[in-house]
Amino acid sequence: MLGQITESDKLILLYQFETQGELAPESIIDISDEEARFIRTSGEYILWESGKRDFDYPEVANSHWLETTYLGQAAKLDCLQSHDAILCPLFMSNQFRGEWHIHNGFLRMNIESSHHQMELFSVANDDCNIHSLLLFKDKQLKGAANITLMV
């Protein structure tokens, strides 16, 4: 990855993922500032963004989520009131710990394993409890997933 990926870049990646159904890890490198401005002002992007909302603390604190990737992997994700986050891949005994926070309405999590640092970034859908998520490992985009609130 070149430089720091901004929240605007991450939103464009989520938009591309949700509208095109796939996301290449090198996607962000290929987007120029001019192209990003064009995407953010397109009617399709504006319509997509109007279907989003901010996450709020009561919704996330002490919540349990199912994370599913498009590679068929799944994990349980717990967001505790203390802002601790626990990621437990299903069918594995590993448990990864980190923290969650809401910044500008976006849900962000930083989780560490013994060898890697992971960041998860999500924006909330307005009409359901399934939200798209970007997965970064060691500051490199690794793909996208969905998180579903378990009630």
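What comes next is a walk through the structure. Every value quoted in this text rests on a predicted model; they were computed, and no experiment measured them.

**Thoughts on the overall build of the chain**
In terms of helices and strands, the chain carries four helices and 10 strands. The linear arrangement of helices and strands in the chain, starting from the amino end, is α-α-α-β-α-β-β-β-β-β-β-β-β-β. Computed over the C-alpha atoms, the radius of gyration of the chain is 15 Å, within 12% of the 15 Å expected from 2.2 N^0.38 for a compact globule of 151 residues. Overall size of the chain, expressed as C-alpha extent along the three principal axes, is 45 × 35 × 25 Å. Scored against the burial criterion, the 151 residues of the chain give a buried share of 45%. Taking the contacts inside the chain whose residues are at least 6 apart along the sequence as the reference set, 45% of them involve residues at least 24 apart. Carbon together with sulfur atoms contributes 51% to the accessible area of the chain, which is approximately 8,500 Å² in total. Counting 11 positive and 23 negative side-chain charges, the chain places the centres of these two groups 5 Å from one another.

**Here's the deal with the sheet that holds strand β7 (residues 117-122)**
Reading around the barrel, the eight strands line up as β2-β3-β4-β5-β6-β7-β9-β10 and close back on themselves, with antiparallel pairing between neighbours. Within this sheet the neighbouring strands show an average axis-to-axis angle of 30°, counted without direction. Where strand β3 (residues 74-79) lies against strand β4 (residues 84-89), five bridges are found, and the strand directions are antiparallel. Bridge pairing in β4 links A75 to P89. Here helix α1 (residues 7-20) sits on the sheet and contacts β5 (96-103), β6 (106-112), β7, β9 (130-137) and β10 (140-149); the angle it forms with β9, its principal contact strand, is near 120°.

**Details of the packing of α1 against helix α3 (residues 43-50)**
In the contact formed by α1 and α3, the axes pass within 11 Å of each other and the chain directions differ by 95°. Between α1 and α3, the angle is such that the two are roughly perpendicular. Residue-level inspection shows L11, I12, L14, Y15, E18 and T19 of α1 in contact with α3, the latter providing E44, Y45, W48 and E49.

**Side note on the pairing of strand β2 (residues 63-69)**
Side chains S63, W65, E67 and T69 project from β2 onto a buried face, and the interleaved H64, L66 and T68 project onto a face without burial. Where β2 lies against β3, six bridges are found, and the strand directions are antiparallel. The residue bridging W65 from the neighbouring strand is L77, located in β3. When β2 meets β10, the two strands line up antiparallel, connected through five bridges. When the bridges of β10 are listed, T68 appears paired with N146.

**Focus on the pairing of β10**
Burial within β10 is extensive, with seven of its 10 residues counted as buried. The pairing of β9 with β10 spans eight bridges and is classified as antiparallel. Bridged to L133 within β10 is A145. Linking β9 to β10, which pair antiparallel, is a turn of two residues; within it D138 sits at a positive phi near 50°.

**Things to note about the environment of F17**
Summarising the element assignment, F17 is placed in helix α1. Sequence separation between F17 and R37 is 20 residues; the distance between their C-alpha atoms is 18 Å. Leaving out residues up to four positions away in the same chain, F17 has contacts with E22, L23, Y70, S132, A144, A145 and N146.

The rules we used
Along each chain, residue indices are assigned from 1 in the same order as the chain's sequence is written. Thresholds applied to this predicted model are a pLDDT of at least 70 for local features of residues and 80 or more for the giving and counting of side-chain atom pairs; totals over whole chains, interfaces and linings are not thresholded and use all residues. Hydrogens and waters are ignored; side-chain quantities use all the structure's heavy atoms. Secondary structure elements are taken from DSSP: a helix is a run of H or I of four residues or more, a strand is a run of E of two residues or more, and numbering for both begins at the N terminus. We take the radius of gyration over the C-alpha atoms and set the globule estimate at 2.2 Å times the residue count to the 0.38 power. Note on classification: 1.4 Å probe, protein chains only; a residue is buried when its accessible area is under 20% of the maximum for its type, exposed when over 50%, partly exposed between these limits. For this analysis, residues touch if any pair of their heavy atoms sits within 4.5 Å. Accessible surface area values rest on a Shrake-Rupley calculation with a 1.4 Å probe, where residue burial reflects the displayed protein chains alone. In this tally, Lys and Arg are treated as positive and Asp and Glu as negative; His is ignored, and so are the chain termini. To locate a charge, take NZ of a lysine, CZ of an arginine, CG of an aspartate or CD of a glutamate. By the convention used here, strands pair only if DSSP detects at least 2 bridges between them. Only C-alpha atoms enter the line fits that serve as axes; for helices the fit covers just the stretch in contact. Angles between N-to-C directions range over 0 to 180 degrees. Any angle that falls under 35 degrees is termed roughly parallel, while one over 145 is termed roughly antiparallel, one within 65 to 115 roughly perpendicular, and all others oblique.

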